[in-house]
Amino acid sequence: MIEEMDSRRYSRRVLNDASDVVLGLPSFSTGISDEDLRETAYEILLSAAGASGGLIVPSKEKKKDKKSSLMKKLGRSKSQQAGTQSHNSHGLVGLLETMRVQMEISEEMDIRTRRALLSAMVGKVGKRMDTLLVPLELLCCISRTEFSDKKSYIKWQKRQLNMLEEGLVNHPVVGFGESGRKASDLRILLAKIEESESLPSATGDLQRTECLRSLREITIPLAERPARGDLTGEVCHWADGYHLNVRLYEKLLLSVFDVLDEGKLTEEVEEMLELFKSTWRVLGITETIHYTCYAWVLFRQFVITGEQDVLQHAINQLKRIPLKEQRGPQERLHLRSLSCRVQTEKGFEDLTFLQSFLLPIKKWADMRLADYHHHFPEGSKTMENALVVAMVARRLLLEEPELAMQGPPVTDAEQIEIYVLSSIKQAFSRIIQDVETLSDTTNEHPLALLAEQTKKLVKNSTATYFPILTLRHQNVSAVAVSLIHKLYGIKLKPFLESVEHLTEDVVSVFPAADNLEQNLIAVITSTCGEGTAEAYLKKLNLYKIETVSGTLVLRWVNAQLARISGWVERVMQQENWSPVSAQQRHGSSIVEIYRIVEETVDQFFALKVPMRPGELKSLFRGIDSAFQVYTKHIVDSLADKEDIIPPVPILTRFGRESGIKAFVKKELTDPRLPDVRKSNDINVLTTPTLCVQLNTLYYAISQLNKLEDSIWERWSKKHHSHAIKRPVNGNSKNSTQKDGFDGSRKDINAAIDHMCEFTGTKTIFWDLREQFIDGLYRPSVSQSRLEILIEPLDLVLSQLCDIIVEPLRDRVVTGLLQASLDGLIRVILDGGPSRMFTPADAKFMDEDLEVLKEFFISGGDGLPRGVVENQVVRARQIIKLIGYETRELIEDLRSASEMEVQGGRGKLGADSKTLIRILCHRSDSEASQFLKKQYKIPKSTA
């Protein structure tokens, strides 16, 4: 059955070499094999189980059943195994049977050992089975007749004798002292027992019996010495030498792996570990020793199988090993006594228990992490776990006295740096070797190839290794990148010093080297805090490639920008502001400007030399300036707002004769109003022209975004320029790429806002001045309502919407709405001496305001209702004041005048200036007398 399991095992998995993971324990002088250790470990386990009453010698029939069910298990799938195993394993008896199979113990040996242990307990009243010196008792209770052949018996006996010698003589925790001769006596007895097998039967049996009796007299006192400080409260040692004990315990722990798959733990692992605790008293195992041994067994099994789950289990056990302050005083004393002398590469070394087990683990992790690029090509969970293993082992080993005496230890972060620097150097050396081979088969310069390969190293490290390493060293990427920068710089320096002309080699090497440096800088700035990144960047010995080519590039850029500026002036002189087409409703000049700009950008990126961010910024500034000049030309073509808005008439108060003369259509000459000659001199652009200009500005700013995106994309692709030292992520990328044309964006947006406002003002105060500013509410509100303006407003609005591009429609219409409200307020508050209002007029005015509001809302096809409502609020508040009686207005004006000194307003919510203007247009003597007395406002002569 064991042979069948072996064949299945090795057919399932290809095992790794674990020769570099070896325990730091001395070898056995008696030549004990792994098989010997495994069989003795099982015998110890049986004795420990026997102390709990679990030692039952099964009948042959039951054995057959067990064997049958086990064979069925071996032939079934994994899903079927679970059910079979749990069904056939009942309590301690079933668990021991599982252990027998796991440890590859034959049924004959199992039965033989159980019977012998039970026989050894006969007559030992009150004594526990786990206090027996197991090899001695088995030698006494098992005869050669129980073996099928003499060779098997001699092999078995030799194992028991070797165990006694190794445990009691070769590696005792406490020396023999005055009983030193017992050691030689014991060795003589062991030799005689072995010798008895070669003597005649009668003589041999007699010698063996006598020797065993003498052996008991010597070994029992040795085995029962309280050398471990009596940790368990009862002396029950069978061997003091911890090297043997932990190797036996190791064999027990190895049985937790599935016999069918070494990379998996058995389903009964928890029950098995609990069973192993019963051997602690015998083998002197403490909690610290258990977790250390178990971690070692799991770790070595991971090395053999490569199974990640096993490694994770090993890490969990390592983390459970108590630190020094977490151990009890007795355990600390016991662990301090456990040491051995081992031959290593450096000669003989004295190792503590923890060093024996943890140093090989740490050495394995250190060796692979020191060249993680080679050992963990995909980074993966294995590398992360290897780091955990190394760090946990370090922390435990640093508490060991021998290491503590070697001066201040390096911190975890410093250890990470050691790994990083070592691995980078080895990876870079491999790259140099590869480049030397590649350069022979390609036409590329070795330094250009080296830069490209180094960049791949950085990219791979950034994506694969830095995320893992950064968890333990925040700035590990900066450490690695700084070294890479230095290593490449050493290779590049002689080339830089020899360059005199812009040769093909320069054109090949400079972009690659500059690109690499910017890439390295970007890694530092994107992975470190601002202050930390600056510190690392200051330490870099920058290549300064751009100083060679920068001047030439900048000179070229300036010449091109001067060409663009001259082009702007020419196209503006030729522009007649006719739409390019029915679909393209902007002027032709902006198309020409973009053509020359894009041509310049193409030439800029066609240059074959590295460019500094300064050159790019210079290009941006020049183009930005050209668009600002273009925008200024358009804004300067507008008339002054003061020229198209008539001046505000002087304030006058109500006169009695005005009530009669108001009906006389007579205009008084106001020297401030523009006369016919001046009106002809004012260059007021037509509404279609203004719309084309607005469309042109919108086209300019919308294409500006595309132009800027294109420039940044090409800069990033061709030069991989991360020279602008900002974190490389989605948000920062946008902010970086959206500030190159901030000046022209700001000016164009301001120009569009100004022109939308101007278009509205021009429409109301210039085009519709006669109907609106001069005619509304004259001679009275009831005789000249606002609805007469809706038709001309509608004509203007239709004209605007026919020409203006859709994205600007609401902005232009909002400008017209604002101007309409400005005109209405102008008529109400500054309508001049020919306009007089009564409280009853407020109702008509409010109705007119609703008409104007609904006109601009246009049943949902116009401006959003909320926008219009917000705009009309100021007019509605003024109309509401018209509705108040004169006395209320006068009282509120007095109150407002007092409140304004303290920064407040009157009860009606209006300021004093607004209230005075309403009273000036109030057609009653009470308002007139108040204004004459309080403000000396002259009487109207209209």
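Up top is the structure.
Residues numbered from 1 in each chain as written. Predicted model: local features only at pLDDT ≥ 70, side-chain atom pairs only at ≥ 80, totals over all residues. Heavy atoms only, no water.

### Quick word on the overall build of the chain
- Within the chain one finds 42 helices and 4 strands.
- Within the chain, the fraction of its 942 residues that count as buried is 51%.
- For the chain, the proportion of contacts with a sequence separation of at least 24, taken over those separated by at least 6, is 78%.
- Approximately 44300 Å² of the chain is accessible, and the part contributed by carbon and sulfur atoms is 51%. (Helix = DSSP H or I, 4+ residues; strand = E, 2+ residues; numbered from the N terminus. Buried < 20%, exposed > 50% of the residue type's maximum accessible area, 1.4 Å probe, protein only. Contact = heavy atoms within 4.5 Å. Areas by Shrake-Rupley, 256 points an atom, 1.4 Å probe, with all protein chains shown as cover.)

### So, the side chain of D371
- Tracing the chain through its elements places D371 in the loop between α17 (353-369) and α18 (372-375).
- Residue classification places D371 among the buried positions, given a relative accessible area of 6%.
- Among the polar contacts listed, one links the side chain of D371 to the side chain of R430, at a separation of 2.9 Å. (Polar contact = N/O pair within 3.5 Å; in protein donor to acceptor, adjacent residues only side chain to side chain.)

### Comments concerning the pairing of strand β2 (residues 261-265)
- Sheet analysis places strand β1 (residues 257-258) next to β2, joined by 2 bridges and oriented antiparallel. By the bridge assignment, F257 is partnered in β2 with L265.
- A loop of 2 residues connects β1 with β2, the two strands running antiparallel in sequence. (Pairing = 2+ DSSP bridges.)

### Focus on helix α21 (residues 412-441)
- If you check α21, its first and last C-alpha atoms are 44 Å apart, about what 30 residues at 1.5 Å a residue would give, namely 44 Å.
- Residues Q415, I416, Y419, V420, S423, I424, A427, F428, I431, I432, V435 and S439 constitute the buried set of α21.
- For α21, the secondary structure elements touched by its buried residues are α17, α18, α19 (380-397), α22 (446-469) and α23 (476-498). (Expected span 1.5 Å × (residues − 1).)

### Things to note about the side chain of S477
- Tracing the backbone through its elements, the reader meets S477 in helix α23.
- Setting aside anything within four residues of it in sequence, one finds S477 in contact with F466, V523 and T527.

### Focus on the packing of helix α39 (residues 865-882) against helix α41 (residues 912-920)
- Contact pair α39 / α41: the axes reach a minimum separation of 10 Å and the direction vectors enclose 50°. In terms of orientation, α39 and α41 fall into the oblique class. In the packing of α39 onto α41, the handedness of the crossing is right-handed. In contact with I878, L881 and I882 of α39, α41 contributes T914, L915 and I918.
- A breakdown of the residues in the contact of α39 with α41 according to their chemical character gives 5 nonpolar, 1 polar and no charged. (Axes fitted to C-alpha atoms, helices over the stretch in contact; angles between N-to-C directions. Parallel < 35°, antiparallel > 145°, perpendicular 65-115°, else oblique. Left-handed = near helix turned anticlockwise from the far one by under 90°. Nonpolar A, V, L, I, M, F, W, Y, C, P; charged D, E, K, R; others polar.)

### Re the pattern of salt bridges
- Counted according to the given criterion, the structure contains 46 salt bridges.
- Between E35 and K155 there is a salt bridge, with the nearest N and O atoms lying 3.7 Å from each other. Within this pair, whereas E35 is found in helix α2 (residues 34-51), its partner K155 is found in helix α8 (residues 150-170), the two being separated by 120 residues in sequence.
- Of the charged contacts in the structure, one is a salt bridge between R595 and E592, with a shortest N-O distance of 3.3 Å. Taken together, the positions of R595 and E592, both in helix α27 (residues 588-606) and 3 residues apart, correspond to about one turn of that helix.
- Of the residues examined, R595 reaches a relative accessible area of 38% and is grouped as partly exposed.
- Each member of the salt-bridge network shares a partner with another, and the members are R144, E197, D205 and R208. (Salt bridge = Lys/Arg side-chain N within 4 Å of Asp/Glu carboxyl O.)

### Overview of the pairing of strand β4 (residues 347-352)
- Pairing of strand β3 (residues 339-344) with β4, which is carried by 6 bridges, proceeds in the antiparallel orientation. What sits directly across from S339, in β4, is T352.
- Taken together, β3 and the strand that follows it, β4, pair antiparallel across an intervening segment of 2 residues.

### Concerning the packing of helix α38 (residues 841-857) against α39
- Contact geometry of α38 with α39 gives a least axis separation of 10 Å together with a crossing angle of 170°. Here α38 is positioned roughly antiparallel relative to α39, judged by the angle of their axes. Facing α38, whose interface residues are A842, M845, D846, L849, E850, K853, E854, F856 and I857, α39 presents R865, V868, E869, V872, A875, R876, I879 and I882.
- Tallied by class, the residues present in the contact of α38 with α39 amount to 10 nonpolar, no polar and 7 charged.

### Describing the packing of aromatic side chains
- In the structure shown here, the tally under the stated rule is 21 aromatic pairs.
- Ring geometry for F299 and F302: centres 6.1 Å apart, planes at 50°, overall tilted. Separated by 3 residues within a single helix, F299 and F302 lie in helix α14 (residues 287-305), roughly one turn from each other.
- Given a relative accessible area of 1%, F299 falls into the buried group.
- The interplanar angle of 55° and the centroid separation of 5.9 Å between the aromatic rings of Y488 and Y543 together place this pair among those described as tilted. Of this pair, Y488 sits in helix α23 while Y543 sits in the loop between α25 (530-539) and α26 (546-574), and the two are 55 residues apart along the sequence. With respect to burial, Y488 and Y543 carry one shared label: buried.
- Ring pairs connect the aromatic residues Y242, W296, F353 and F357, which therefore count as one cluster.
- The ring centre of F147 lies 3.8 Å from the NZ or CZ of R112, which sits over that ring. (Phe/Tyr/Trp six-rings, centres within 6.5 Å; stacked < 30°, edge-to-face > 60°. Lys NZ or Arg CZ within 6 Å of the ring centre and 35° of its normal.)

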